[in-house]
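Summary of structural features
Next come the chains, spelled out residue by residue.
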2 protein chains.
Amino acid sequence: MSLIVAKFGGSSVASIDKIKHIAGRIKGMRDKGDDIVVVVSAMGDTTDELIELASLTGHDLCKREMDMLLATGEQQSAALLALTLNNFACSSISLTGWQAGIKSDDSHSKARITGIETGRIKNELKQGNVVIIAGFQGLSPQGDITTLGRGGSDTTAVALAACLDALRCMIFTDVEGVFTADPRIVKEAKKLPQISYEEMLEMASLGAGVLQPRAAEFAMLYNVDVEVLSSFSHNPGTIITEVANMENHRAVSGIAHDLNCARFALFDVPDQPGIAKTLFKTLAAENINVDIIIQSAMRDGRNDIAFTIEEKELSRAIPVVEGLVKKICASGMTYGNDVAKVSIVGAGMQSNIGVAAAMFEALADEGINIHMISTSEIRVSCVIDECHIKAAIKALHRKFELDKIE
Amino acid sequence: MSLIVAKFGGSSVASIDKIKHIAGRIKGMRDKGDDIVVVVSAMGDTTDELIELASLTGHDLCKREMDMLLATGEQQSAALLALTLNNFACSSISLTGWQAGIKSDDSHSKARITGIETGRIKNELKQGNVVIIAGFQGLSPQGDITTLGRGGSDTTAVALAACLDALRCMIFTDVEGVFTADPRIVKEAKKLPQISYEEMLEMASLGAGVLQPRAAEFAMLYNVDVEVLSSFSHNPGTIITEVANMENHRAVSGIAHDLNCARFALFDVPDQPGIAKTLFKTLAAENINVDIIIQSAMRDGRNDIAFTIEEKELSRAIPVVEGLVKKICASGMTYGNDVAKVSIVGAGMQSNIGVAAAMFEALADEGINIHMISTSEIRVSCVIDECHIKAAIKALHRKFELDKIE
């Protein structure tokens, strides 16, 4: 008898009909003899509706009280799922985060799990219950309710799987798994049967939003096997695991893309120690998250520096960067939201020479100009004009023969 | 500096606008220098909506899970009030029942408070916070969330006032206080400035629903001064307290009535030991609550027995009583929902001779026939035809000169 942790997102519990659907699925898993711990998000738009309500109280939304308010969403869906399962003659009990022993730090609205006291959960499992846990929440050292930030239910599920030594953590969602590229753009995109933690992390942070990056980190850290699969079909999903033999079969696992990009370029920046620090510390202090940074080769003692940020922060960033141009005595700047980022991700590229070169070739063959390049051990990203993004994804998918993945 | 416990019901927190209204009122109280503990119910129809949602999950509604679900309503309104007060620059913090240290037994859906560990509340007060507590809920010895049953927020408030040794427990509601009769029926009805615990208990159980009977019991037991007042006006309300000098000034404090009555009469019941037991134990086993019971004087070794029940239980009760008539060999029965109960209530009647007689006289003068009479130390109730109820209330109000109460 194994233990399985199953997480269902907001769209899977958006109505009582949907809750009944997943209750049937959970009962099927339970009937096979496994112990089941379920983690649920709030129903559909509940969290957004509560935020909307709170915003009517005034401008200053105390984070401690927001957590108190928002945590009720998951408590409700957990109780409703328990009521449903009990009506399906499948014995179950719902637990809040604090009842489940989930301890966190006191960073309200973005708390981190510091540990899980699993006594109550284990006791309920021993009594034959399916244990349903309100995701996204914990208890601070002060005894206050915290939330883990949006998408935090994934983290709850992975952390529980780690602490309970579960066989697997199943993340039920509205997609079938992790694909080689966005299936809406590339018709031939294939569902990946397996993907490594590192690849998932790169994919997740690049916008393939099937698993929260923090949850993927947690899974890697504690070596938890995670399966991402659809709650609406019975097809196998994508298993995220430590893949030892990855280098043998493919260099590139998937093409990720991100349209939410804006770019800045600063010209003739003096080549002096401390200039980059001034630039990026100021942006960080303004809570503007910088993604790719490129510094061109020095010419006559001056550099060009370019970087990208999230598109939604562009208007806020413009006056900040304008001030910096003056301060550091650059000769000028340009900016724009007309760019996008396309990336190839694959643990196999570490042992395959020429992967980056093949990427640049594929883009060049399509006549696509590359503005910026950034690399990690298992990823190559190019910033290109946004109008070329679909062509770029399709070309790269062909180049690396991702339609042939089994 | 005194401590005041203020409770606001569902209609007082039904929208953010209403929450802002009471937040202004709470800030006004706080600015006078008192420490304030606030108890809130769920917003408007939240509890009914959650019950409706739960009913879609199936027929069997596990009480433990219903408590888990319903307790979120008060948690939400507490958090929203705290957000509002903080936006009004009135420092506040919301606490769930378990955070406030409210311990209960494990009778889910109708739990009783067994004690309050006031450490956290006192600590928050010391830090200058208005402490807002989710009413209607507690924590069982098993660590589960319980609810105190509908209207339980009144009990939470009175219990907190008792344990915190508060100067007063203010119950804000949508009426101005306790009246000498229903103002919709008697134009001259006066708001009572004061009323004793015992009178309030009789009034409450007779349907003058301004304070839950259990809360009134709690207040009497722990000698808590309770003020019932309107959250929409600034008029003083009715103070419920131990009134030592009551007997000096009035025999009758108010006229209560109850339209939710149905009557049964059983004829020629054998006068044998155990007959009454058979009758009323059977009704109790069917969960049919019997109010007034009358046994007429014996004639030829047989009695007539009449009793009243709640009108809504009539159709369920008829077959039960029909079976009993056969079993106990009575000669027949009648029943009907055409009756109502009118009562005079007053602590002063204990030391005033002839109060009951004056009541019967007033009804007789109006030509109103009395079907049944029941008395307690501070109450006389008459069951009459429902069609006469308004005339009866008006006549009694005049007879006892309740329009002259100051």
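Residues numbered from 1 in each chain as written. Chains lettered and ligands numbered in written order. Predicted model: local features only at pLDDT ≥ 70, side-chain atom pairs only at ≥ 80, totals over all residues. Heavy atoms only, no water.

If you look chain A up in an unreviewed UniProt entry, it shows as Aspartokinase from Syntrophomonas wolfei subsp. wolfei. Entered under Catalytic activity (unreviewed entry) in the UniProt record, the comment concerning chain A runs "L-aspartate + ATP = 4-phospho-L-aspartate + ADP". Its UniProt record, at the heading Function (unreviewed entry), says of chain A: "Catalyzes the phosphorylation of the beta-carboxyl group of aspartic acid with ATP to yield 4-phospho-L-aspartate, which is involved in the branched biosynthetic pathway leading to the biosynthesis of amino acids threonine, isoleucine and methionine." (UniProt positions renumbered as here; feature names shortened; annotations may be inferred.)

1. As for the sheet that holds strand β1 (residues 3–8) of chain B
Residue and element names in this part refer to chain B. Spatial strand order, β3-β6-β2-β1-β9-β11-β12-β10: eight strands in an open sheet with mixed pairing. Since the sheet does not close on itself, it has two edges, and those belong to β3 (92–95) and β10 (194–196), each with one partner. Going from strand to strand, the sheet's axes swing by 20° on average, the running direction of each strand aside. Where strand β11 (residues 226–230) and strand β12 (residues 238–241) come together, three bridges link them in antiparallel fashion. When the sheet's bridge partners are listed, V226 is paired in β12 with I240. (Pairing = 2+ DSSP bridges. Helix = DSSP H or I, 4+ residues; strand = E, 2+ residues; numbered from the N terminus. Axes fitted to C-alpha atoms, helices over the stretch in contact; angles between N-to-C directions.)

2. Comments concerning the packing of aromatic side chains
Summed over all chains, the structure comprises 11 aromatic pairs over all chains. For the pair F280 of chain A and F307 of chain A, a centre-to-centre distance of 5.4 Å together with 80° between the ring planes defines the contact as edge-to-face. Of the two residues, F280 of chain A is situated in helix α9 (residues 275–285) and F307 of chain A in strand β16 (residues 302–310); the sequence distance between them amounts to 27 residues. A relative accessible area of 18% means that F280 of chain A is categorised as buried. Summarising the aromatic geometry, the rings of F264 of chain B and Y335 of chain B are spaced 5.7 Å apart at their centres and angled 45° between planes, so their arrangement reads as tilted. One end of the pair, F264 of chain B, is in strand β14 (residues 261–270); the other, Y335 of chain B, is in strand β17 (residues 332–336), with 71 residues separating them in the sequence. Members of the aromatic cluster, connected to one another through ring pairs, are F264, F280, F307 and Y335 of chain A. (Phe/Tyr/Trp six-rings, centres within 6.5 Å; stacked < 30°, edge-to-face > 60°. Buried < 20%, exposed > 50% of the residue type's maximum accessible area, 1.4 Å probe, protein only.)

3. Some thoughts on the interface of chain B and chain A
The interface of chain B with chain A comprises 42 residues on the first partner and 42 residues on the second. Interface of chain B and chain A: buried area, both sides summed, is about 3,300 Å²; carbon and sulfur atoms make up 59% of it. Interface area lost by chain B to chain A is led by T57, E65 and L83 of chain B, which between them contribute 18%. Along the contact surface separating chain B from chain A lie two salt bridges. Ionic pairing is found between D144 of chain B and R120 of chain A, a salt bridge with its closest N-O pair at 2.7 Å. The interface formed by chain B and chain A includes 22 residue pairs in polar contact (both at pLDDT 80 or more). Counting residues per element, the ones that place at least two in the side of chain B that touches chain A are α1 (16–31), α2 (46–55), α3 (63–87) and β3 of chain B. Tallying contributions element by element places α3 of chain B first for the side of chain B that touches chain A, with 16 residues. Residue composition of the side of chain B that touches chain A, by class: 21 nonpolar, 15 polar and six charged. (Contact = heavy atoms within 4.5 Å. Buried area = accessible area lost by both parts, 1.4 Å probe. Salt bridge = Lys/Arg side-chain N within 4 Å of Asp/Glu carboxyl O. Polar contact = N/O pair within 3.5 Å; in protein donor to acceptor, adjacent residues only side chain to side chain. Nonpolar A, V, L, I, M, F, W, Y, C, P; charged D, E, K, R; others polar.)

4. What about the UniProt feature "binding site: ATP" (unreviewed entry) in chain A?
Residue and element names in this part refer to chain A. Under the feature "binding site: ATP" (unreviewed entry), the UniProt entry names K7, F8, G9, G10, T173, D174 and R184. These annotated residues cover 178 residues of sequence, and their C-alpha atoms reach 25.1 Å apart at the extreme, placing them across more than a single site. Tracing the backbone shows F8 in strand β1 (residues 3–8). Since its relative accessible area comes to 0%, F8 is described here as buried. Overall, T173 belongs to the buried group, its relative accessible area being 16%. Filtering out sequence-adjacent residues up to four positions away, T173 remains in contact with V228, L229, S230, S231 and F232. Within the structure, the side chain of T173 is placed 3.2 Å from the side chain of D174, a separation counted as a polar contact.

5. Some remarks on the UniProt feature "domain: ACT" (unreviewed entry) in chain A
UniProt annotation of "domain: ACT" (unreviewed entry) refers to residues 264–342 and 344–406 of chain A when read in the numbering used here. For residues 344–406 of chain A, the helix share is 35%, the strand share is 25%, and the end-to-end C-alpha distance is 18 Å.

6. A few points about the packing of helix α2 (residues 46–55) of chain A against helix α3 (residues 63–87) of chain A
Residues and elements named next belong to chain A. Interhelical geometry of α2 versus α3 gives an angle of 150° and a closest axis separation of 9 Å. It follows that α2 is roughly antiparallel to α3 by the angle criterion. With respect to the hand of their crossing, α2 and α3 are arranged in right-handed fashion. Across the interface between the two elements, T46, T47, L50, I51 and A54 of α2 pack against M66, L69, L70, T72, G73, E74 and Q76 of α3. (Parallel < 35°, antiparallel > 145°, perpendicular 65-115°, else oblique. Left-handed = near helix turned anticlockwise from the far one by under 90°.)

7. Side note on α9 of chain A
All names here are of chain A. Buried within α9 are the following residues: I275, L279, F280 and L283. On an axial view of α9, the arc spanned by its buried residues comes to 110°, and they lie on one face. For α9, exposure combined with an orientation more than 90 degrees from the buried face picks out K277, K281 and A285. Residues of α9 that are buried make contact with β14 (261–270), β15 (290–295), β16 and α10 (314–327). Taken from the residues just after α9, N287 is the one with a positive phi, measuring 65°. (Arc of directions from axis to C-beta.)

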